[in-house]
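One letter stands for each residue in the lines below.
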Amino acid sequence: MTMITPGPVPVPPATAPALTDERLDALVARLDLPAKIRLLSGAGTFRTAPEPAVGLRALGFSDGPAGVRGERWDERDTALALPSPTALAAAWDDGLVAELGGLLAAEARRKRIHVLLAPTLNLHRTPAAGRHFECFAEDPLLVGRTAAAYIRGVQAGGVAATAKHYVANDSETDRLTLDARVDERTLHEVYLAPFEAAVRAGVWVVMSAYNRVNGVTMSHSPLLAEPLKGSWGFDGVVVSDWGAVRSTEPAALAAQDLAMPGPHPLWGEPLVAAVRAGRVPEELVDAKVRRLLRLAARVGALEGAGPPPAAPAPAEPRALLRRAVAAGCVLLRNEGGLLPLVPAAAPGAVPPGVPGASAVPGLLARLAVIGPNAAAARVQGGGSAGVFPEAVVSPLDGIREALSGTGTEVVHAEGVRLGTRPTPLHPGNAVDPRTGDPGVLVRYLAADGAELCAEHRLSGRVLEPGDAPDLARTAASVEVSAHFTPTATGEWRLSVVGLGAVALRVDGEELIGTVVEPESDDPTYVHVAPSFRTAVRKAVAGEPLHLVATRELRPDQGLAVALAADAPQPAEDEAFAEAVACARGADAAVVVVGTTDEIESEGADRTSLALPGRQDELVAAVAAANPRTVVIVNAGGPVELPWRESAPAVLLCWFPGQEAGHGLADVLFGRAEPGGRLPTTWAARAAGAPLPATAPADGVLRYAEGPYVGHRAWRRAGVEPAYWFGHGLGYTTWAYEALEVRPPEPDSAGPGATALVTVRNTGTRGGREVVQVYLTTGPDEHDDGGPRLAGYAAVHAAPGASAVAEVRIEPRALQRWSPAEARWVPRPGPYVLHAGPSAARQPLSALLAP
């Protein structure tokens, strides 16, 4: 028997260089009022102002959380792409998350970034939330622990992490203005809890959200002062979400420290005037500057404070990302032990005297890989979190590489095509008409058509200028052109993306000439994914076309433009039939299905949980044609799986990052065990499920469900989901044998009780089990006392061996927030701990004495 103690995250919290309050005060005293206020908003989109008088260098910011894009939206500036936060939380592995945080810190240092705008600590209140993939989980304890590991990993590398979006910013519809109405107890116990965990982990930056909470916009909110800077003791910087500061005096009087981007028109001269008129005390400005200087010292941007601590970067980043893919994959179903698959020439697979793999049941002579996401998996979500990976391994490529030399033939058919956004030109089909290099030519033009600047780019999608941004931003229009070589003969769909007056010309002929008015003022729509217009043009394979797309540049309508081309597609029924036939003729089939940019992205919530297009029909048809069908679900959040009982194996890979194909192949062929457990409850169907709304009514979004979020809502409603929170299978089986509760030491100031859970590996393969402990309490007027996650720990054991998981139960688990007393008080008893593998099954229970 082995004893497994979770212990601290192996990456310790970063220790900042010493900077005394006296020194901070002396630095602030050197600055006059305009100089101080100049520091409180950005000097650009992702950079703050330097101040030589105090040795302050500019701070660079970058979006996260699944990679460090840097300050520029430029595909030439590549970044490592991690699995999505849902995948990280699905690993239930603090150590792995901390390692990935260290990798992000190394990437940030490489790109001269001081502040990573991650992690996102909003909850999976509903799977319909468009940014679901960017958040960790539905449970505040799991979110808080995962976030703490992420933060420690990042900040051990001398880079600030940012806990965002503070607070109750859990959906996208009207996200800039909605008023989240949350009762005080639910706010503290559920939505503020992960942020408190982040502060306890030592986070250096917190981002205030766009939305209002209980009538007050978050950049003005008293919640920034209390509990954040008050009882929690947060000593870092509160930065606004980009554009979220909408006032001068109310925001300055609040505990909002930094307005981004900048220079912010409301925090420049208007704030100087407000201070001089006595409407904003100067000591409040001084406090904000003091916090900014403390942050600069922590990240090595303040002279005299010394370099920041910097843990070494992981030695093999791609190997770490590959391991993370497998760790986050959740095996939802594995009837008959279909997985792992056995290649034809696996060691010991073909006994002596057997001429071929097809003569041995279960071995793969031919594997069909099918589906719209097989050859081009979606590895990241849409919106500001996007990065530009240097290389992506698709599931198809990863499978082919894994089976190379085994004698297993891999065949592929797409089956269905999804109605995605247009596909930008790329170096594989376009060359710069000026240089002849693979890619496109981008020109920024004055009102009279004169060229202000030009640059060679690798993609037809250009979100902002890269080489001369200041000059380009004075342009009246932007033009993208290329010599495009069609790969097939037929009707090509040619598109231009952008707002304002747009045009598309092919060999001098205008195919599109129109004005595109904005459909939204959401920043993601304007700056990342604006509207597009499409025309059809017949083309001949191998015969180049000269394509030129232009868009007008209007104030407040962004700079994004794209020139795109999509090939002729075979008849839908023909492609579908080909895929089914492909599956029927194989020993096993792997179907990769998923969502699109239109469905899971920042800036919009989902209107349906169904997979788009004919994917459900495809899975059902393939499963009927081949009884050994594995379905890989490539989605950032829950989707309906109406065929789940007919597919013997269902594997959830989330948005798995750039090493998708390698990590998936490791799981499919047994080189790695699928390590994930669901961080969110999975609905069978959206209809009739206890899923809160995302659309405000008259600007108000009521969190009427109170504390019943996720699995607690399902249990209270008496409705059975498809898969419960915490569910996930491995490649072995486990028996839960004993639960012992060790009370806290008398007068101990440390952790509370400890649950010792004995489990035994009853399978034939070594494996890992995530032991989950849930707590029930007595009811009160606000909460029925039903099961809530109280702790978890992972164990490993060889076949037949047992292990003891040591699960710590923090004192806060036994407490509730008292609005009347404005403090934490004990929950009513009795307290009972329940141990098991998911929220649905806890075979062991024991009383915890109060």
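As the structure is a prediction and not an experimental result, all values here were calculated from the model.

What counts and what doesn't
Residues numbered from 1 in each chain as written. Predicted model: local features only at pLDDT ≥ 70, side-chain atom pairs only at ≥ 80, totals over all residues. Heavy atoms only, no water. Core = buried A, V, L, I, M, F, W, Y, C linked by side-chain atoms within 4.5 Å. Buried < 20%, exposed > 50% of the residue type's maximum accessible area, 1.4 Å probe, protein only. Contact = heavy atoms within 4.5 Å. Helix = DSSP H or I, 4+ residues; strand = E, 2+ residues; numbered from the N terminus. Expected span 1.5 Å × (residues − 1). Pairing = 2+ DSSP bridges. Polar contact = N/O pair within 3.5 Å; in protein donor to acceptor, adjacent residues only side chain to side chain. pLDDT = per-residue confidence, 0-100. Phe/Tyr/Trp six-rings, centres within 6.5 Å; stacked < 30°, edge-to-face > 60°. Lys NZ or Arg CZ within 6 Å of the ring centre and 35° of its normal. Axes fitted to C-alpha atoms, helices over the stretch in contact; angles between N-to-C directions. Left-handed = near helix turned anticlockwise from the far one by under 90°. Nonpolar A, V, L, I, M, F, W, Y, C, P; charged D, E, K, R; others polar. Parallel < 35°, antiparallel > 145°, perpendicular 65-115°, else oblique.

1. Some remarks on the nonpolar core
Here is step 1 of the chain: Among the nonpolar cores identified, the biggest contains 74 residues, and Phe-136, Tyr-150, Tyr-166, Val-167, Tyr-191, Val-203 and Leu-228 are the most heavily contacted of them.
Here is step 2 of the chain: Contacts of Tyr-166, omitting those with residues within four sequence positions, involve Leu-192, Phe-195, Val-206, Met-207, Ser-208, Ala-209, Met-218, Leu-223, Leu-224, Pro-227, Leu-228 and Trp-232.
Here is step 3 of the chain: If you look at the next biggest cluster of nonpolar residues, it comprises 51 residues, including Val-28, Leu-31, Leu-33 and Leu-302.

2. Let's talk about helix H11 (residues 282-298)
Here is step 1 of the chain: If you check H11, its first and last C-alpha atoms are 25 Å apart, about what 17 residues at 1.5 Å a residue would give, namely 24 Å.
Here is step 2 of the chain: The positive-phi residue at the C-terminal boundary of H11 is Gly-300, with phi of around 80 degrees.

3. Side note on the sheet that holds strand E25 (residues 561-566)
Adjacent strands of a sheet form backbone hydrogen bonds with each other and so pair up, either parallel or antiparallel.
Here is step 1 of the chain: Taken in spatial order, the four strands make up an open sheet running E18-E25-E20-E23, and their pairing is antiparallel. Looking at strand neighbours, the two that pair on one side only are strand E18 (461-462) and strand E23 (532-539), the edges of this open sheet.
Here is step 2 of the chain: Of the pairings in the sheet, the one linking E18 to E25 comprises two bridges and is antiparallel in character. What sits directly across from Val-462, in E25, is Val-561.

4. Focus: helix H6 (residues 184-191)
Here is step 1 of the chain: With seven of eight residues buried, H6 lies mostly within the body of the structure.
Here is step 2 of the chain: Looking at H6, one finds that the buried residues are Arg-185, Thr-186, Leu-187, His-188, Glu-189, Val-190 and Tyr-191.
Here is step 3 of the chain: Residues of H6 that are buried in the fold lie against helix H5 (140-155), helix H7 (193-200), strand E7 (212-213), strand E35 (815-818) and strand E36 (823-826).
Here is step 4 of the chain: Its side-chain oxygen placed 3.1 Å from the backbone nitrogen of Arg-185, Asp-183 serves as the N-cap of H6.

5. Digging into the side chain of Thr-126
Here is step 1 of the chain: Structurally, Thr-126 is set in the loop between strand E3 (115-117) and H5.
Here is step 2 of the chain: If near-sequence neighbours (up to four positions away) are discounted, Thr-126 is found in contact with His-132, Leu-691, Pro-692 and Thr-694.

6. Quick notes on the confidence of the model for the protein chain
Here is step 1 of the chain: Per-residue confidence for the protein chain gives a mean pLDDT of 93; residues scoring 70 or more make up 95%.
Here is step 2 of the chain: Predicted confidence for residues 2-17 stays below pLDDT 50, and this span has 41 contacts to residues more than four positions away or in other chains.
Here is step 3 of the chain: When the criterion is pLDDT under 50, residues 347-360 qualifies, and its contacts beyond four places in sequence or with other chains add up to 15 contacts.

7. Description of the packing of aromatic side chains
Here is step 1 of the chain: One pass over the structure, following the stated rule, counts twelve aromatic pairs.
Here is step 2 of the chain: Each ring, one from Trp-92 and one from Tyr-792, has its centre 4.8 Å from the other, and the planes form 75 degrees; the classification is edge-to-face. Of the two residues, Trp-92 is situated in the loop between helix H3 (85-90) and helix H4 (94-110) and Tyr-792 in strand E33 (residues 788-797); the sequence distance between them amounts to 700 residues. One exposure class covers both Trp-92 and Tyr-792, and it is buried.
Here is step 3 of the chain: Taken together, Phe-46, Phe-61 and Trp-242 form an aromatic cluster joined through their ring pairs.
Here is step 4 of the chain: Positioned above the aromatic ring of Trp-724 is the side chain of Arg-715, whose terminal nitrogen or guanidinium carbon lies 5.2 Å from the ring centre.
Here is step 5 of the chain: Positioned above the aromatic ring of Trp-824 is the side chain of Arg-812, whose terminal nitrogen or guanidinium carbon lies 3.9 Å from the ring centre.

8. A short note on the environment of Asp-780
Here is step 1 of the chain: Looking at where Asp-780 falls in the secondary structure, it is placed in the loop between strand E32 (767-776) and E33.
Here is step 2 of the chain: Distance in space between the C-alpha atoms of Asp-780 and Arg-827 is 8.2 Å, their sequence separation being 47 residues.
Here is step 3 of the chain: When neighbours within four sequence positions are excluded, Asp-780 is seen to be in contact with Arg-185, Arg-816 and Pro-828.
Here is step 4 of the chain: Within polar-contact distance, the side chain of Asp-780 engages the side chain of Arg-185 at 2.8 Å.
Here is step 5 of the chain: A polar contact of 2.8 Å, which involves the side chain of Asp-780, links it to the backbone nitrogen of His-782.

9. Focus on the sheet that holds E32
Here is step 1 of the chain: Strand order in this open sheet of four strands is E33-E32-E37-E38, and the pairing throughout is antiparallel. In the strand order of this sheet, the two ends are held by E33 and strand E38 (844-848), each with one partner. Taken pair by pair, the neighbouring strands of this sheet meet at an average axis angle of 20 degrees, ignoring direction.
Here is step 2 of the chain: In this sheet, strand E37 (residues 831-836) lies alongside E32 in antiparallel orientation, the contact comprising five bridges. By the bridge assignment for E37, Thr-776 is matched with Val-832.

10. Some words on unusual backbone geometry
Here is step 1 of the chain: Pro-119 follows Ala-118 through a cis peptide bond whose omega is 10 degrees.
Here is step 2 of the chain: Structurally, Pro-119 can be placed in the loop between E3 and H5.
Here is step 3 of the chain: Put simply, Met-260 and Pro-261 share a cis peptide bond, and its omega is -10 degrees.
Here is step 4 of the chain: Checked against the element boundaries, Pro-261 lands in the loop between helix H9 (249-253) and helix H10 (269-276).
Here is step 5 of the chain: Phi is positive for Arg-112, which is not a glycine, with a value near 60 degrees.
Here is step 6 of the chain: Structurally, the position occupied by Arg-112 is in the loop between H4 and E3.
Here is step 7 of the chain: One non-glycine residue, Trp-654, adopts positive backbone phi at about 60 degrees.
Here is step 8 of the chain: Checked against the element boundaries, Trp-654 lands in the loop between strand E28 (649-652) and helix H18 (660-668).
Here is step 9 of the chain: Among the residues examined, Trp-654 registers a relative accessible area of 0% and is labelled buried.

11. Considerations on the packing of helix H1 (residues 21-29) against H11
Here is step 1 of the chain: Contact pair H1 / H11: the axes reach a minimum separation of 10 Å and the direction vectors enclose 115 degrees. Between H1 and H11 the crossing geometry is right-handed. In contact with Asp-21, Leu-24, Asp-25, Leu-27 and Val-28 of H1, H11 contributes Asp-286, Val-289, Arg-290, Leu-293 and Arg-294.
Here is step 2 of the chain: Residues of the contact of H1 with H11, tallied by class, amount to five nonpolar, no polar and five charged.

12. Side note on the side chain of Arg-457
Here is step 1 of the chain: By secondary structure assignment, the location of Arg-457 is in strand E17 (residues 451-457).
Here is step 2 of the chain: Among the polar contacts made by the side chain of Arg-457, one reaches the main-chain carbonyl oxygen of Trp-73 at a distance of 3.4 Å.
Here is step 3 of the chain: There is a polar contact of 3.0 Å between the side chain of Arg-457 and the side chain of Glu-75.

13. What about the pairing of strand E31 (residues 754-761)?
Here is step 1 of the chain: E31 sits mainly inside the fold: seven of its eight residues count as buried.
Here is step 2 of the chain: Summarising the sheet, strand E30 (residues 734-742) and E31 pair through eight bridges and their orientation is antiparallel. Looking at the pairing, Glu-740 lines up with Leu-756 of E31.
Here is step 3 of the chain: Alignment of E31 against strand E34 (residues 802-808), held across seven bridges, turns out to be antiparallel.

14. Structural notes on the packing of helix H12 (residues 317-328) against H18
Here is step 1 of the chain: Where H12 contacts H18, the axes come no closer than 8 Å and their chain directions differ by 50 degrees. Taken together, the axis directions place H12 and H18 in an arrangement best described as oblique. When the axes of H12 and H18 are compared, the crossing they make is right-handed. Facing Arg-318, Arg-322, Val-325 and Ala-326 of H12, the residues of H18 in contact are Ala-660, His-662, Gly-663, Leu-664, Asp-666 and Val-667.
Here is step 2 of the chain: Its residues placed into classes, the contact of H12 with H18 shows five nonpolar, two polar and three charged.

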